Amino acid sequence: MILNNSYTTAHLAAFLTILCWGATFVSTKVLLQGFMPVQILLIRFCIGFAALYLLSFKGTYQLTRKQNLYLVAAGFLGICLYYLLENIALTYTQASNVGVIMSVSPFFTAIFSCFLLKEKLPSATCFIGFCLATAGIYLLSFSGGTIAINPKGDLLSISAAAVWSLYSILMKEIGKLGFPTVFITRRIFGYGLLFMLPVLLFESDLNWQRMLEPIFFFNLLFLGLGASAMCFVTWNFAVKVLGPVKTSVYIYLVPVITVLCAVIVLHETISVHAALGILLTLIGLLLSELNSPKKIKL
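My aim in this report is to walk through the structure given alongside it, one point at a time. (Residues numbered from 1 in each chain as written. Predicted model: local features only at pLDDT ≥ 70, side-chain atom pairs only at ≥ 80, totals over all residues. Heavy atoms only, no water.)

**Observations regarding the overall build of the protein chain**
What counts is decided by this rule: Comment: elements are numbered from the N terminus, with helices defined as DSSP H or I runs of at least four residues and strands as E runs of at least two. For every residue, the accessible area obtained with a 1.4 Å probe (protein chains only) is divided by the maximum for its type, and the residue is called buried under 20%, exposed over 50%, and partly exposed between those limits. By definition in these notes, contact holds between two residues if any of their heavy atoms fall within 4.5 Å. Residue-level accessible areas treat just the shown protein chains as cover; the underlying method is Shrake-Rupley with a 1.4 Å probe.
Secondary structure summary: the protein chain contains 13 helices and 2 strands in total. Counting every position in the protein chain, which comprises 298 residues, the buried fraction comes to 54%. Across the protein chain, contacts joining residues at least 24 apart in sequence account for 91% of those joining residues at least 6 apart. Accessible surface, the protein chain: about 13900 Å² in total, of which carbon and sulfur atoms supply 71%.

The structure is reproduced here in structure tokens:
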């Protein structure tokens, strides 16, 4: 019963995380009107780090050099590199495009897990679910009946999806270390911020007064407290319990949430193709959750 409760909580944590993250593309798009990509990252993760520090400042643990290297790698991949790629992609393409393309991350995670962790191969049902979700993603890429493609922005988005898959796999290994999730996430945030600092030197024209403007202030607060501090803890917890492949399947929901938020907040258009794409994506998600994997033989 305890195990079942743990799995139920992990599934709920993954769903709530994606619900929040699906809106971050739109929120970031708004912030890009007043800030550079790396500035948004630095501010949001400083807010997130401060919140996590207040929650776990009493927790001190001794980590080995190897354990610290795991956290350094996670900070570089999941905090610095992934978000730099994502935010820069948003300067070249629509928020809905980035959210849609990020949905290929579960596929990358399944492939990387097979070779890096020697985990189980996805079942036929899971593969069919991926194909349906991909079809949904293709339809969601239409804007008013035409495909909105920007090679540079879309390539950056695909790269971000691959990097996030590597981060999720790494978090599975970090979860085996046995340290509290909040403490681990705080350390990862700290290392990620250190990697961002050199990049910030090239974009130091930060307008601090602009941060106090309501539209920017509340979006930064949402990204810092909700999408960063809270969501990274819930996502890392879900990966620890469910594993990177099963947790990453929830990323299929990102385009659905992103497109709906883009319509409401940014007034981007949604067509019949997009509505059908949303339906196929949800069906693909459900089929992928019915995955009965097979053992990999390498």
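**Section: the packing of helix H6 (residues 105-117) against helix H8 (residues 151-175)**
Defined as follows: Angles shown run from 0 to 180 degrees and are taken between the N-to-C directions of axes, each axis being a line fitted to C-alpha atoms and, for helices, limited to the stretch in contact. An angle below 35 degrees is read as roughly parallel, one above 145 as roughly antiparallel, one from 65 to 115 as roughly perpendicular, and any other as oblique. Take the far helix as your reference; a near helix turned counterclockwise from it by less than a right angle gives a left-handed crossing, and one turned clockwise gives a right-handed crossing. For this scheme, ten residues count as nonpolar: Ala, Val, Leu, Ile, Met, Phe, Trp, Tyr, Cys and Pro. Four count as charged, namely Asp, Glu, Lys and Arg, and the remainder, Gly too, count as polar.
Where H6 meets H8, the closest approach of the two axes is 8 Å, and the angle between their N-to-C directions is 45°. In terms of orientation, H6 and H8 fall into the oblique class. Every pair of crossing elements has a handedness; the one defined by H6 and H8 is right-handed. Contacts between H6 and H8 involve Ser105, Phe108, Thr109, Phe112, Ser113, Leu116 and Leu117 on the former and, on the latter, Ile158, Ala161, Ala162, Trp164, Ser165, Leu166, Ile169, Lys172 and Glu173. Considered class by class, the residues forming the contact of H6 with H8 number 10 nonpolar, 4 polar and 2 charged.

**Thoughts on the nonpolar core**
For clarity, the threshold we go by: For this analysis, a nonpolar core means a set of buried residues of the types Ala, Val, Leu, Ile, Met, Phe, Trp, Tyr and Cys, connected via side-chain atoms within 4.5 Å.
Grouped together as the largest cluster of nonpolar side chains are 73 residues, with contacts concentrated most on Ile18, Trp21, Phe45, Trp164, Tyr167, Ile188 and Phe232. Those residues in contact with Trp164 that lie beyond four places of it in its chain are Trp21, Gly78, Tyr82, Met102, Ser105, Phe232, Trp235 and Ile251.

**Comments concerning the packing of helix H2 (residues 24-31) against helix H4 (residues 65-90)**
Look at H2 against H4: their axes get within 10 Å of each other, and the N-to-C directions meet at 65°. Viewed along their axes, H2 and H4 form a crossing whose handedness is right-handed. Residues Phe25, Thr28 and Lys29 of H2 form the contact with H4, whose participating residues are Glu86, Asn87 and Leu90. Partitioning the contact of H2 with H4 into residue classes produces 2 nonpolar, 2 polar and 2 charged.

**Observations concerning the side chain of Ser113**
Heads up, the condition is: Here a polar contact is recorded for every N or O atom pair within 3.5 Å, except that within protein the pair must consist of a potential hydrogen donor and a potential acceptor, and residues adjacent in sequence are included only if both atoms are side-chain atoms.
Its location among the elements puts Ser113 in helix H6. Polar contacts involving the side chain of Ser113 include one to the main-chain carbonyl oxygen of Thr109, which spans 2.7 Å. Excluding anything up to four places from it in sequence, Ser113 contacts Lys118, Glu119, Ile169, Pro244 and Val245.

**Comments concerning the environment of Asn219**
Locating Asn219 in the fold gives a position in helix H10 (residues 214-242). Here Asn219 is in contact with Ser27, Val30 and Leu31, once residues within four sequence places are set aside.

**What to know about the packing of aromatic side chains**
The line we're drawing: Each pair of aromatic rings taken from Phe, Tyr and Trp, with Trp reduced to its six-membered ring, is defined by centres within 6.5 Å and is described as stacked if the planes are under 30 degrees apart, edge-to-face if over 60, and tilted in the remaining cases.
Considering all chains together, one arrives at 20 aromatic pairs under this definition. An angle of 80° between the planes, with centres 5.3 Å apart, marks the rings of Phe35 and Phe216 as edge-to-face. Note that Phe35 is positioned in the loop between H2 and helix H3 (37-56) and Phe216 in helix H10, a separation of 181 residues in sequence. Each member of the pair, Phe35 as well as Phe216, is classed as buried. Note on Phe76 and Phe195: the rings are 5.1 Å apart at their centroids and 65° apart in plane angle, and the pair reads as edge-to-face. Of this pair, Phe76 sits in helix H4 while Phe195 sits in helix H9 (residues 181-200), and the two are 119 residues apart along the sequence.

**Observations regarding H4**
Basically, it comes down to this: What a helix is expected to span follows from its residue count: subtract one and scale by 1.5 Å. To get the bend at any residue, fit one axis to the seven residues that end at it and another to the seven that begin at it, then take the angle between the two axes.
End to end, H4 covers 36 Å across 26 residues, agreeing with the expected 38 Å (1.5 Å per residue, within 8%). Taking the largest bend as the criterion, H4 deviates by roughly 30°, centred on Tyr82.

**With respect to the environment of Leu52**
Position of Leu52 relative to the elements: it lies in helix H3. Separated by 132 residues in sequence, Leu52 and Ile184 have C-alpha atoms that sit 9.8 Å apart. Discounting chain neighbours no more than four positions away, the residues touching Leu52 are Val182, Thr185, Arg186, Phe189, Ala229 and Val233.

**Notes on the environment of Thr247**
In this fold, Thr247 is placed in helix H11 (residues 244-248). Overall, the relative accessible area of 0% leaves Thr247 in the buried class. Considered as a pair, Thr247 and Pro106 are 141 residues apart in the sequence and their alpha carbons are 8.4 Å apart. The residues touching Thr247, leaving out its near neighbours within four places in the chain, are Ala14, Trp235, Ala238, Val239 and Leu242. Engagement of the side chain of Thr247 in a polar contact is seen with the backbone oxygen of Gly243, the distance being 2.7 Å.

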